[in-house]
Amino acid sequence: MTVLTRHPTGGLADDLSGRLRGLHGRMLAMAPAIDRIACALYDPATDLLKTFVNSTRSGEAIADYECELATSSALQALAREGGVRVIQDIPATVQGTSEHSRWLRRQGYGSSLTVPMQDNGAFIGFIFYDSLQRNAFTATVQRDLELFSNLINITISSVYAAVRSLRASAAVAQDFVRLRDYETGSHLDRVAHYSRLIAKTLAQPLGLSDEFIEQLFLYASLHDIGKIGIPDAILLKEGNLTPDERQVIQTHVPLGLQILEQVIGKHALRDLPDSTLMRNIVAGHHERLDGSGYPQGLRGEAIPLEARIVAVADVFDAITCRRPYRQPQAIEAGLAELEHQAAAGLLDPLAVAALTSQRSEVEAIRQRFHDD
């Protein structure tokens, strides 16, 4: 069995972490006491706040951390009502026992400013500013940081806007041409959450960043967007596909890449943070390690890690959910089939092992995002 360890696409000079570090450097000219900026994303389906990107001058950045928004009444109110939250004396004010509270005290931060982020009128997360100094966030500093907060919000919300536009375009096209693909919204949600679960499990052994994990989560739902251009007679066929029909359905991959460029725009797609990751997912989730996949017949580590992860999530959901040509199989059967395909050199064995090790989480995702 081949063990693949290639680091995912990321670390690009134009990624969100790089942009945030650049803004942090400019920010220090007017607010030199800002020692840390971090962004956490919010998932309304699970009520989870999740670490995403950060720029930390000193100390240890918190990573791979998530918590339910409902556990903090102050943050809940901030998300709901807007405004900002200022803590001018963290040691005297933050006395909680949560992992985040303990981390704040351990790093020695003296004060903080929290700003909610929105996209299209909806709450999507928080920007956290921290300083080693107490009383660092004066009214003047808060005013100076307002522009930077807006820039950070716009940059991150561009990702949400792109995904929202693509999914909305897919839905409109399906309604217009009366396509009824078996890949419902629930399927897209499950694949996204399975992919995130795999990536989180692999975060420590492969050194995956929070940014990679959350970008993967956001973009995984777009993996089969090209299927809106495939006739429903083929998509919904109950029997086996003919060789000609199989060739037609395989064209959904290049069609998906065309849709990315048409909906977002070629220039905007290049400027979108980590757009390479989005393209790799759409282009590579049907590639297989032994070269038997499509459309390029890539082998092994030539297939980007993000595509290999989404492939495992997609295959598992296809096995365990109803399809026009067969009934769903149980979770145990689905996981066993993944292990069989990994042993046969088709699927990434690390990604398969990551999913099979999280049996209870897999069941929770299936229950939360079940088909009607």
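The present account deals with the structure reproduced in this document.

Judged by nonpolar contacts, the single largest core of 80 residues is most densely connected at Y129, I152, I156, Y219, L338 and L355. Counting residues in each nonpolar core, the second largest holds 10 residues, with A79, F123, F126 and F128 among its members.

Right, let's talk about the packing of aromatic side chains for a bit. Tallied over the full model, the rule gives 5 aromatic pairs. Ring centres 5.8 Å apart and planes at 50 degrees place the aromatic pair F126 and F128 in the tilted group. As far as burial versus exposure is concerned, F126 and F128 are alike and both buried. Chaining the aromatic ring pairs together yields one cluster made of Y42, F123, F126 and F128.

Using the criterion set out here, one finds 17 salt bridges in the structure. Among the salt bridges present, the one from K237 reaches E245, with a minimum N-O distance of 2.7 Å. Put simply, K50, D64, E66, R196, K200 and E214 are held in one network by salt bridges that share partners.

Within helix α15 (residues 349-356) the residues assigned to the buried category are P349, A351, V352, A354 and L355. Its side-chain oxygen 2.9 Å from the backbone nitrogen of L350, D348 forms the N-cap of α15.

Tracing the chain through its elements places Q258 in helix α10 (residues 252-264). Judged by relative accessible area, Q258 falls into the partly exposed class, the value being 41%. Residues Q258 and G226, spaced 32 residues apart in sequence, show a C-alpha to C-alpha distance of 8.1 Å.

Moving on to unusual backbone geometry. The residue after Y294, namely P295, is reached through a cis peptide bond having omega 10 degrees. One can find P295 in the loop between α12 (275-284) and α13 (305-320). In this structure, D47 is a non-glycine residue whose phi angle is positive, near 65 degrees. Along the polypeptide, D47 turns up in the loop between β1 (36-43) and β2 (48-56). Since its relative accessible area comes to 18%, D47 is described here as buried. Although it is not a glycine, N120 sits at a positive phi angle of roughly 55 degrees.

Basis of the calculations
- Residues numbered from 1 in each chain as written.
- Predicted model: local features only at pLDDT ≥ 70, side-chain atom pairs only at ≥ 80, totals over all residues.
- Heavy atoms only, no water.
- Core = buried A, V, L, I, M, F, W, Y, C linked by side-chain atoms within 4.5 Å.
- Buried < 20%, exposed > 50% of the residue type's maximum accessible area, 1.4 Å probe, protein only.
- Phe/Tyr/Trp six-rings, centres within 6.5 Å; stacked < 30°, edge-to-face > 60°.
- Salt bridge = Lys/Arg side-chain N within 4 Å of Asp/Glu carboxyl O.
- Helix = DSSP H or I, 4+ residues; strand = E, 2+ residues; numbered from the N terminus.
- Polar contact = N/O pair within 3.5 Å; in protein donor to acceptor, adjacent residues only side chain to side chain.

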